[in-house]
Amino acid sequence: MTYLTTDLCDDHEDTVRVVEPMFSSFGGRDSFHGKIATLKLFEDNTLVRKTLDSPGDGRVLVIDGGGSLRRALVGDQLAALAVINGWAGIVVYGCIRDSRAISEMDIGMFALDTHPMKTRKLNTGETELPVTFGGVTFTPGEWLYADEDGVIVSATALH
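Reference entry: report on the structure contained in this document.

What counts, and at which threshold
- Residues numbered from 1 in each chain as written.
- Predicted model: local features only at pLDDT ≥ 70, side-chain atom pairs only at ≥ 80, totals over all residues.
- Heavy atoms only, no water.
- Phe/Tyr/Trp six-rings, centres within 6.5 Å; stacked < 30°, edge-to-face > 60°.
- Helix = DSSP H or I, 4+ residues; strand = E, 2+ residues; numbered from the N terminus.
- Buried < 20%, exposed > 50% of the residue type's maximum accessible area, 1.4 Å probe, protein only.
- Contact = heavy atoms within 4.5 Å.
- Patch = residues over 30% accessible without salt bridge, like charges linked within 9 Å, V, L, I, M, F, W, Y side chains within 5 Å.
- Areas by Shrake-Rupley, 256 points an atom, 1.4 Å probe, with all protein chains shown as cover.
- Salt bridge = Lys/Arg side-chain N within 4 Å of Asp/Glu carboxyl O.
- Lys, Arg positive; Asp, Glu negative; His and termini not counted.
- Charge placed at Lys NZ, Arg CZ, Asp CG, Glu CD.
- Core = buried A, V, L, I, M, F, W, Y, C linked by side-chain atoms within 4.5 Å.
- Pairing = 2+ DSSP bridges.

### Description of the packing of aromatic side chains
Turning to step 1, where the next piece is worked out: Applying the stated rule across the entire model yields 6 aromatic pairs.
Turning to step 2, where the next piece is worked out: Plain terms: the ring middles of Tyr-93 and Phe-133 are 4.5 Å apart, the flat faces sit at 5° to each other, and that makes the pair stacked. A residue pair is termed long-range when its members are at least 10 positions apart, and Tyr-93 in strand 6 (residues 89-96) and Phe-133 in strand 9 (residues 131-133) qualify at 40 residues.
Turning to step 3, where the next piece is worked out: Taking the relative accessible area as the measure of exposure, Tyr-93 reaches 22% and is therefore partly exposed.
Turning to step 4, where the next piece is worked out: One aromatic cluster is present, formed by Phe-23, Tyr-93, Phe-133 and Phe-138 through successive ring pairs.

### Examining the environment of Ile-90
Turning to step 1, where the next piece is worked out: Within the secondary structure, Ile-90 is located in strand 6.
Turning to step 2, where the next piece is worked out: For Ile-90 and Ala-111, which are 21 residues apart along the polypeptide, the C-alpha to C-alpha distance reads 8.3 Å.
Turning to step 3, where the next piece is worked out: Non-local contacts of Ile-90, meaning those with residues more than four positions away in its chain, are made with Phe-32, Leu-52, Val-60, Leu-61, Ile-63, Val-74, Ala-82, Ile-107, Gly-108, Met-109 and Phe-110.

### A few points about a negative patch on the surface
Turning to step 1, where the next piece is worked out: Where like charges cluster on the molecular surface, the negative patch consists of Asp-7, Asp-10, Asp-11, Glu-13 and Asp-14.
Turning to step 2, where the next piece is worked out: Locating Glu-13 in the fold gives a position in the loop between helix 1 (5-11) and strand 1 (17-18).

### Description of the environment of Asp-11
Turning to step 1, where the next piece is worked out: Residue placement: Asp-11 occurs in helix 1.
Turning to step 2, where the next piece is worked out: Between the alpha carbons of Asp-11 and Ala-82 there is a distance of 31 Å; along the sequence they are 71 residues apart.

### Notes on unusual backbone geometry
Turning to step 1, where the next piece is worked out: Despite not being glycine, Asp-57 shows a phi value in the positive range, around 50°.
Turning to step 2, where the next piece is worked out: Relative to the assigned elements, Asp-57 resides in the loop between helix 2 (46-52) and strand 4 (60-64).
Turning to step 3, where the next piece is worked out: For Asp-98, which is not glycine, the phi dihedral falls at a positive 60°.
Turning to step 4, where the next piece is worked out: Note that Asp-98 resides in the loop between strand 6 and helix 4 (99-102).

### A short note on the nonpolar core
Turning to step 1, where the next piece is worked out: Within the largest apolar cluster, 24 residues are counted, with the highest numbers of intra-cluster contacts made by Leu-52, Ile-63, Val-74, Ile-90, Val-92 and Met-109.
Turning to step 2, where the next piece is worked out: The set of elements that each furnish at least two residues to this core consists of strand 3 (32-40), helix 2, strand 4, strand 5 (72-74), helix 3 (76-84), strand 6 and strand 7 (108-114).
Turning to step 3, where the next piece is worked out: Within the second largest apolar cluster, 19 residues are counted, among which are Phe-32, Leu-112, Val-136 and Phe-138.

### Here we look at the pairing of strand 7
Turning to step 1, where the next piece is worked out: The element strand 7 is extensively covered by neighbouring structure, given that 5 of its 7 residues are classed as buried.
Turning to step 2, where the next piece is worked out: Of the strand pairs in this sheet, strand 2 (residues 24-25) and strand 7 are connected by 2 bridges, and their pairing is antiparallel. Each residue of the ladder has a partner; that of Ser-25, found in strand 7, is Phe-110.
Turning to step 3, where the next piece is worked out: Pairing of strand 6 with strand 7, which is carried by 6 bridges, proceeds in the parallel orientation. Across the sheet, the residue bridging to Val-92 is Ala-111, located in strand 7.

Put into structure tokens, the structure is as follows:
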């Protein structure tokens, strides 16, 4: 089922948190929603692969990449892994690559931009902790809804 962020904001204005407009949509799904899982890392996507290699169960992976525009945290191989493992979407506070291939996959993918350079493999970062960017804190287990009008977060499911 598709949920419009505009309608959800109208119906739950006092409880939703709206992320500042900063993302572009790159995935084959224009809209997506699910429970939040989080990663905090910088120019190293080792934990991204490990996380997307686990069952997504319709969740949305929120990656706080520190807003780096110097390397891509997700590419077509990781996006394909996310599709296979049942992730609804990925929101990257950073860059992705292989955008043409990702645009043909059945996954939501929001990111700041694209960049052709892959990340380093340093095995650094943190999982499942609250991360903050775009004026919003994303807490694991809360709900994220995204579409062409933006990204919103709610402590509870809005459907």
